[in-house]
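Chain by chain, the residues run as shown.
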Amino acid sequence: MRPFFSLLALLGLSLAAGADERQSNGDDLGDDLGGVEIFGPAPPMPPSVVSRDAQGRVTMRAIRLGEPLDLDGRLDDAVYDRVPAVSDFIQQEPLEGQLASEQTEVWVFFDDDTLYVGARCWDSQPERMVVNEMRRDHANIYQNENFTVLLDTFYDRRNGYYFQTNPLGALRDQAVSDEGQVINRDWNTVWNTRAALFEGGYTLEMAIPFKSLRYKATRDQIWGINFRRMVRWKNEISYLAPIPAAYGQPGVYRFSVAGTLVGVQAPESSRNIEIKPYAISTVTTDNNAEVPFRNDLDANAGFDLKYGLTQSLIADFTYNTDFAQVEEDQQQVNLTRFSLFFPEKREFFLEGQGIFSFGGVRQRGGGGGFRPGLGRGGANSLTPILFFSRRIGLVPEGIDPIRAGGRVTGRAGKYRLGMLEIRTEGIDEAGFDPTNFSVIRVRRDVLGRSDIGVIATHRSTSLTEEATSNLVAGVDANFAFYQNIRFNTYYAVSRTSSDRLSLNDESSYMTRFEFEEDRYGLRVEHLKVGRDFKPELGFLRRENFRRSFVQVRFSPRPHSIDAIRRIVFQADFDYITDTEGRLETKIVKGTFRLELESGDQARVDVTDNFEFLPEEFEIATDVLLPVAEYDFRDVLFSYAFGPQRVVPGVFTYRRGSFFGGDRDEITYNGRIEISPQFSLEPRVSLNFVRLPEGDFNARLFSIRVNYSFSPRSFLSSFIQYNSSSDAISSSVRLRWEYEPGSDFFVVYSEGREDLSGMPALANRTFAVKFTKLFRF
């Protein structure tokens, strides 16, 4: 338990830092803006609510209300007539810098407890609006007509919150770190929104309690703010504070060029205590267990507690944690010899996720659904993730129950702190011992948008045979210059305790340079992972290698061709050796992509691969590839139909040589709308592989059936079949958020295998779970 005492010691330091923060904030901010630099024009003088400068920067003033808004989305409160709206949004796409073709009007209000946002989104052809998603947090909300609010509550120009809705009143929220380097799409907080249609478009209102936000411990606040309006049927994106087209879709997270919000007076004692107990009952069958059992009835209870140490530093405690309501992972086809990455979905581990990110690793998991679009290309990241929370409680032997744990996350002055201690119960029948997991992460903001930091992780048991524990420590630096240059670097070492193992090269380091603008792009990276580097509380896709990677991009906008918005030419060179210099992988890829004005995209990739297998590789059942060098080439054709299409989705076809043979791949990932409440999401992946060692097919089918009763209540069924495991899994999940932050779940899931005849039941679970949030 020594890491736990270290955690307590650092907690004491963080409390002291928090006290210093409160004192300094009180000195810096009085009744005016003294001591705080405004990144934009001077605040507007009443009754004006907005000011702009020659560079297009915006400062907006929030208005105090005498009584709460009647949140119905109709903008019929008298205050909307008294207070002028803020408008004149500026296009990012398609005509950068010009006024939006569809007018948007916004207001920001507040009272003692809540921040309010109202918006009127005019539309010249409302019958063409794309409106078909109500599920909370779903990625398809982005594929609708939508309106997004960005709040940088510490005014640090790099981190903040994202609140999005559409004309159906759907809710989607995210926590954003380092201007989008880390996006926590599964983060949820308590807020509300309503929307209404009218003959000229739609209106909306949002209510965000101050208790749902973190901010400086002072009454008078200065925040960063921006608003984004997306008109899906004409593929137009506009902002209140202009965002350059060079930033693309991730530009929404660029808090460094957002506007400024003044006038907000927030309660200094906000977010003190939250308690969220749960109760659950399950009936379980497992025919694959060491001692099979059927219809085993169980009941359990536990709770999560959240306490505000300071206004910006939060302590969390969990007891007897349960994650029965979490949806199973989407299966993937893996024809490589390396691990696949699956994102974290468990609520306790989601808040403060960005603080623990290390070395500039981008993490953007969550959200569900398909995302039309073909991306920017490039190789999958091989950079190690030093802290990956799925290593806690999820092991190959099954679920290792979490008995208790604590975490501290947040900010103290210029420092961002993350500390975690978790105790798991162990799995007796699998010989898996109880384990303590400890993490400490400290990041110090430097310059305008850069930081340096350290991290340490420890687990009291090791995944390495004949080892007793594992410790990893690292230092990193992440620099952002101008608006389009990033530089990331780190150095880390691991120590795996063992009297019998001889471990020599336990280090890893990386240096990456990125230049990204609309017309040109360049990325250069060098990464080394030592033979014995073992981040056992992290994720490591590939071991024992050195990687050199270069990517160049040229992406002009041909204004003479009306149907084409942008053409992308991209070249990638990926060169990977083992740490002794033996070439193992070389990939040379050229990409040609068309981004059309309609929202559709077309793409062609031509790839030349070299792969050396240092040991035999079983790529499929009874298909064993020998140690050898392999050269193979393929061509990929892909077309993405935009969300305004009757059947949007992404179709892909790949053909070429493959490990001395041939491979054909066909994939489809899409959405079929039956009504705005009812939809189907099919996904198909077919691989037909012909090798000298044997032919095989890898098939993956899945379909998700969704029905939304309201933005806070939905029923979904998910079925998937994987030919590699000859198994089919299915689940039905009902979620009802009966009040903000409190949920009722009913979940049924089962797995069947041996599909050659009548599918045999492998496991089955029926669970009912109830949670209730108490805020004090």
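Residues numbered from 1 in each chain as written. Predicted model: local features only at pLDDT ≥ 70, side-chain atom pairs only at ≥ 80, totals over all residues. Heavy atoms only, no water.

### Re the overall build of the protein
- Per the secondary structure count, the protein includes 2 helices and 45 strands.
- The C-alpha radius of gyration computed for the protein amounts to 26 Å, which stays within 12% of the reference 28 Å derived for 776 residues, consistent with globular compactness.
- Buried residues in the protein amount to 56% of all 776 residues.
- Of the contacts made within the protein by residues no fewer than 6 positions apart, 61% connect residues no fewer than 24 positions apart.
- A total of about 31900 Å² of accessible surface is found on the protein, and carbon and sulfur atoms cover 55% of it.
- Across the protein, 90 positive and 108 negative side-chain charges occur, with their mean positions spaced 3 Å apart. (Helix = DSSP H or I, 4+ residues; strand = E, 2+ residues; numbered from the N terminus. Rg over C-alpha atoms; globule rule 2.2 N^0.38 Å. Buried < 20%, exposed > 50% of the residue type's maximum accessible area, 1.4 Å probe, protein only. Contact = heavy atoms within 4.5 Å. Areas by Shrake-Rupley, 256 points an atom, 1.4 Å probe, with all protein chains shown as cover. Lys, Arg positive; Asp, Glu negative; His and termini not counted. Charge placed at Lys NZ, Arg CZ, Asp CG, Glu CD.)

### Structural notes on empty space enclosed by the protein
- The final tally for this structure, using the stated rule, is 6 cavities of 30 Å³ or more.
- The computed volume of the second largest cavity comes to approximately 390 Å³.
- Those elements that provide at least two residues to the lining of the second largest cavity are β8 (160–165), β9 (172–177), β10 (182–184) and β21 (402–412).
- Looking at the lining of the second largest cavity, the element that brings in the most residues is β9, giving 3 residues.
- Grouping the constituent residues of the lining of the second largest cavity by class yields 7 nonpolar, 11 polar and 6 charged. (1 Å grid on protein atoms, 1.4 Å probe; cavity = no way out; pocket = protein on both sides within 12 Å on 5 of 7 lines; lining within 4 Å. Points joined across faces, edges and corners; volume = space filled by probe spheres on them. Nonpolar A, V, L, I, M, F, W, Y, C, P; charged D, E, K, R; others polar.)

### Focus: the nonpolar core
- One finds V108, F109, F147, L151, F163, W223 and F227 to be the most contacted residues of the largest nonpolar core, which totals 52 residues.
- Counting only elements with at least two residues in this core, the list comes to β2 (58–61), α2 (79–82), β5 (104–110), β6 (114–122), β7 (146–152), β8, β12 (201–209) and β13 (223–231).
- What F109 contacts, discounting residues up to four positions off in sequence, is I63, L65, L69, V79, Y80, V83, T114, L115 and Y116.
- Counting residues in each nonpolar core, the second largest holds 25 residues, with L386, L420, Y490 and A492 among its members. (Core = buried A, V, L, I, M, F, W, Y, C linked by side-chain atoms within 4.5 Å.)

### Notes on the confidence of the model for the protein
- Of all residues in the protein, 90% attain a pLDDT of 70 or more, and the chain-wide mean is 87.
- Confidence drops under pLDDT 50 across residues 1–32; counting only partners more than four residues distant or on other chains, this segment forms 44 contacts.
- Throughout residues 375–380 the model reports pLDDT below 50, and contacts reaching past four residues in sequence, or to other chains, amount to 25 contacts. (pLDDT = per-residue confidence, 0-100.)

### Quick notes on the pattern of salt bridges
- Per the stated rule, a full pass over the model turns up 59 salt bridges.
- In this structure, the salt-bridge partner of E179 is R449, at a minimum N-O distance of 2.8 Å. One end of the pair, E179, is in the loop between β9 and β10; the other, R449, is in the loop between β23 (435–446) and β24 (450–459), with 270 residues separating them in the sequence. The burial state of E179 is the same as that of R449; both residues are buried.
- One salt bridge in this structure joins E274 and R775, with 2.9 Å as the shortest N-O distance. (Salt bridge = Lys/Arg side-chain N within 4 Å of Asp/Glu carboxyl O.)

### Things to note about the layout of surface pockets
- Approximately 1000 Å³ is the volume found for the second largest pocket.
- Taken together, 34 residues make up the lining of the second largest pocket; nearest its centre are S339, R391, L540, R541 and E543.
- Considered class by class, the residues forming the lining of the second largest pocket number 16 nonpolar, 4 polar and 14 charged.

### Notes on a negative patch on the surface
- The grouping of E290, D428, E429 and D433 at the surface amounts to a negative patch.
- The residue E429 is located in the loop between β22 (415–424) and β23 in this model.
- With a relative accessible area of 61%, E429 lands in the exposed category. (Patch = residues over 30% accessible without salt bridge, like charges linked within 9 Å, V, L, I, M, F, W, Y side chains within 5 Å.)

### Considerations on unusual backbone geometry
- Along the chain, P46 connects to P47 via a cis peptide bond; the corresponding omega equals 5°.
- Secondary-structure assignment places P47 in the loop between α1 (2–28) and β1 (50–52).
- Residue P94 follows E93 across a cis peptide bond; omega there is 0°.
- Here the phi dihedral of N295 falls at roughly 50°; this positive angle occurs in a residue that is not glycine.
- Assignment of secondary structure puts N295 in strand β17 (residues 293–308).
- For D622, which is not glycine, the phi dihedral falls at a positive 65°.
- With respect to the helices, strands and loops of the structure, D622 is situated in the loop between β33 (617–620) and β34 (623–625).

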